[in-house]
Amino acid sequence: MAETTNTANTAKAPKPSFIKGLKAEFRKVVWPDQETVAKQSATVVVVTVLLGTVIALLDFAIKKGLDIILFLG
């Protein structure tokens, strides 16, 4: 038969509190400076506007193309 282990005799290591662990991890984070945040935010806005414009133009072209195909065909 299989041997059983007595779990009552094994002591578990104390777990650190979740909040203490969270604080320790946040101390390790290297936060960007204001200039970096501003540049990256501007880049995100510009790329978003450009992609939105490209998608709108493609949508318009596809719609016009389908209108031509469906109504003339």
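Structure's up top.
Residues numbered from 1 in each chain as written. Predicted model: local features only at pLDDT ≥ 70, side-chain atom pairs only at ≥ 80, totals over all residues. Heavy atoms only, no water.

Caption draft 1: Local environment of the overall build of the chain. The secondary structure content of the chain amounts to 2 helices and 0 strands. For the chain, buried positions account for 0% of its 73 residues. For the chain, the exposed surface amounts to about 7,500 Å²; the carbon and sulfur share of it is 69%. (Helix = DSSP H or I, 4+ residues; strand = E, 2+ residues; numbered from the N terminus. Buried < 20%, exposed > 50% of the residue type's maximum accessible area, 1.4 Å probe, protein only. Areas by Shrake-Rupley, 256 points an atom, 1.4 Å probe, with all protein chains shown as cover.)

Caption draft 2: The pattern of salt bridges, seen in detail. Counted by the stated rule, this structure contains 2 salt bridges. With its nearest N and O atoms 3.2 Å apart, the salt bridge here joins Lys28 to Glu25. In this pair, Lys28 and Glu25 both sit in helix H1 (residues 18–28), 3 residues apart, roughly one turn of the helix. The exposed category is assigned to Lys28, whose relative accessible area is 60%. Overall, Glu25 belongs to the partly exposed group, its relative accessible area being 44%. (Salt bridge = Lys/Arg side-chain N within 4 Å of Asp/Glu carboxyl O.)

Caption draft 3: Local environment of the packing of aromatic side chains. What the rule picks out here adds up to 1 aromatic pair. Geometrically, the ring pair formed by Phe26 and Trp31 is stacked, given 6.2 Å between the ring centres and 15° between the ring planes. Looking at Trp31, the relative accessible area reads 58%, which means it is exposed. (Phe/Tyr/Trp six-rings, centres within 6.5 Å; stacked < 30°, edge-to-face > 60°.)

Caption draft 4: Region of interest: a nonpolar patch on the surface. Taken together, the side chains of Val54, Leu58, Ile62, Leu66, Ile69, Leu70 and Phe71 define a hydrophobic patch exposed on the protein surface, amounting to about 770 Å² of accessible area. Residue placement: Phe71 occurs in helix H2 (residues 34–72). Residue Phe71 is classed as exposed on the basis of its relative accessible area of 66%. (Patch = residues over 30% accessible without salt bridge, like charges linked within 9 Å, V, L, I, M, F, W, Y side chains within 5 Å.)

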